[in-house]
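Chain and residue survey
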Amino acid sequence: MKKLLFSMLALTSLVFAGDAKYNYEITPTIGGNVAEGNLDLENQLTYGLRVGRNLDGGIIDQIELGYDRSSGVDYDNSTLDTNINRYYANLVKEYGITPEMAIYGLVGMGYEDLTDNQYENRDSFFAQYGAGIKYWVSDMFALKAELRHAVKFRGGDNNMFYTLGFVIPLGAKAQPAPAVKEEPKPEPVAAPAPVIEEPKPAAKPMPKDSDGDGVYDDADKCPDTPKGVVVDENGCPKVIRLHVKFDFDKAVIPDSYMKEIKRVSEFMAQNPAYSVVLEGHTDSQGSDKYNQKLSEKRANAVSKALVGLGVATSKISVEAYGESKPIATNDTKAGRAENRRVDARFNY
């Protein structure tokens, strides 16, 4: 038993030794267990606690440590009972279905400790596998329903667990800070050389346009604009921001939002030499992979609408950014609505 506790503590240190940018989950659970008939154990209530660490960029999405307990479990046809403690570690893989819901599979190992060993029941290591579904009720709370099958190393006995968990996330990922552009420094002006004749006023230096966007440096708020990008009066890229309210998990544009998209087609008609880049964005709900695909679908939907309004296909390109470029906080409903958008940026 001491070796088991030492191993569990060592694994815990590995789980929490990683980069602090990762999320953590604490999940209280309650459920039941159906034991194999030859174990002579009644069906039992279980309750426990799990601690999980989410991982990025790998095959496995989460490492999870868990503890379950069943108290006062009766032996069949006997007045005897026992308490059962189970300690285990799981590897978890999630598959996003919608921004709020995901299914997952797990595989792991653990140890079962009984306070009173009777009949065929003995303390033993076990292997387990299972599947479940997770649903986010809000940003700070989710439900998990799970079914697990465990096989003991001693005797190959089977246990079937069914549990309901209440997920509490900890340590949310920090959003990247927006880049800060330095204001251009004024160039020093040399003083005119003294002359014997009556001094003449020094000529004013010609205004400069360093990035060639048609806005002089003294009024240019975006001094490093790339060549060919259409800018506004401040020298910054001209963007028409479309906050189209798509239906849940859809990329079909409601008719009521076509007026906003028509603004882009009218601007293109007034400037036939321009081309347009449609940038798709989402909020942070859902997985990175899911949001990347959803932002691309919605940008393509706006592209199709512009073609229907007479904009040539050759004048349109699409870029998808998922949740990577928020313009507002994702911690509020209003902020997430601001981030669900398609931006129209223009080139010539």
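Residues numbered from 1 in each chain as written. Predicted model: local features only at pLDDT ≥ 70, side-chain atom pairs only at ≥ 80, totals over all residues. Heavy atoms only, no water.

Digging into the packing of aromatic side chains
- Counted by the stated rule, this structure contains six aromatic pairs.
- With 5.4 Å between their ring centres and 35° between their planes, Tyr 67 and Tyr 87 make a pair best called tilted. Placement of Tyr 67 in strand 3 (residues 62-74) and of Tyr 87 in strand 4 (residues 81-96) is noted, with a sequence separation of 20 residues between them.
- Here Tyr 67 falls in the partly exposed class, since its relative accessible area comes to 28%.
- Here Tyr 87 falls in the buried class, since its relative accessible area comes to 17%.
- An aromatic cluster of at least three residues, connected via ring pairs, comprises Phe 267, Tyr 274, Phe 346 and Tyr 348.
- Here the basic side chain of Lys 93 rests over the ring of Tyr 95, its NZ or CZ set 5.9 Å away from the ring centre.
- Lying over the aromatic face of Tyr 321, Lys 325 brings its terminal NZ or CZ to 4.1 Å of the ring centre. (Phe/Tyr/Trp six-rings, centres within 6.5 Å; stacked < 30°, edge-to-face > 60°. Helix = DSSP H or I, 4+ residues; strand = E, 2+ residues; numbered from the N terminus. Buried < 20%, exposed > 50% of the residue type's maximum accessible area, 1.4 Å probe, protein only. Lys NZ or Arg CZ within 6 Å of the ring centre and 35° of its normal.)

Thoughts on the sheet that holds strand 9 (residues 239-242)
- The mixed open sheet is built from four strands, whose spatial order is 9-12-10-11. Looking along the sheet, the strands with just one partner apiece sit at the ends: strand 9 and strand 11 (316-320). On average, adjacent strands in this sheet sit at an angle of 20° to one another, irrespective of strand direction.
- Inspection of the sheet shows strand 10 (residues 275-281) paired to strand 11 by five bridges, in the parallel sense. Within the sheet, the bridge partner assigned to Val 277 lies in strand 11 and is Ser 317.
- Sitting on the sheet, helix 2 (residues 258-270) is in contact with strand 9, strand 10 and strand 12 (341-347), with an inclination near 160° to strand 9. (Pairing = 2+ DSSP bridges. Axes fitted to C-alpha atoms, helices over the stretch in contact; angles between N-to-C directions. Contact = heavy atoms within 4.5 Å.)

So, the state of the cysteines
- All chains considered together, the criterion is met by one disulfide.
- The disulfide partner of Cys 222 is Cys 236, and the gap between their sulfur atoms is 1.9 Å. Around the S-S axis, the bridge from Cys 222 to Cys 236 shows a dihedral of about 85° and counts as right-handed. In this pair, Cys 222 is assigned in the loop between strand 8 (158-170) and strand 9 and Cys 236 in the loop between strand 8 and strand 9, connecting sequence segments 14 residues apart.
- Accessibility expressed as a relative area gives 11% for Cys 222, which makes it buried. (Disulfide = S-S within 2.5 Å.)

A few points about helix 3 (residues 288-308)
- Counted at 1.5 Å a residue, the expected span for helix 3 with its 21 residues is 30 Å, and the 31 Å between its end C-alpha atoms agrees.
- Among the residues of helix 3, Tyr 290, Asn 291, Leu 294, Ser 295, Arg 298, Ala 299, Ala 301, Val 302, Ser 303, Ala 305 and Leu 306 are the ones counted as buried.
- Check the buried side of helix 3 and you find it contacts strand 9, helix 2, strand 10, strand 11 and strand 12.
- Among the residues trailing helix 3, Gly 310 stands out with phi positive, at a value near 105°. (Expected span 1.5 Å × (residues − 1).)

Digging into the nonpolar core
- In this structure, Ile 261, Val 264, Val 276, Leu 278, Leu 306 and Phe 346 are the most contacted members of the largest nonpolar core, which totals 21 residues.
- Of all the elements in the fold, those that place two or more residues in this core are strand 9, helix 2, strand 10, helix 3 and strand 12.
- If sequence neighbours within four positions are ignored, Ile 261 has contacts with Leu 242, Val 244, Ile 253, Val 302, Ala 305, Leu 306 and Leu 309.
- Ala 35, Leu 41, Val 73 and Leu 114 belong to the second largest nonpolar core, which has seven residues in total. (Core = buried A, V, L, I, M, F, W, Y, C linked by side-chain atoms within 4.5 Å.)

Focus: the pairing of strand 12
- Within strand 12, seven of the seven residues are buried, leaving the element largely enclosed by the surrounding structure.
- Side chains of strand 12 alternate between two faces, with Arg 341, Asp 343, Arg 345 and Asn 347 and Val 342, Ala 344 and Phe 346 buried alike.
- In this sheet, strand 12 lies alongside strand 9 in antiparallel orientation, the contact comprising four bridges. What sits directly across from Leu 242, in strand 12, is Val 342.

So yeah, pure geometry; function would need other evidence.
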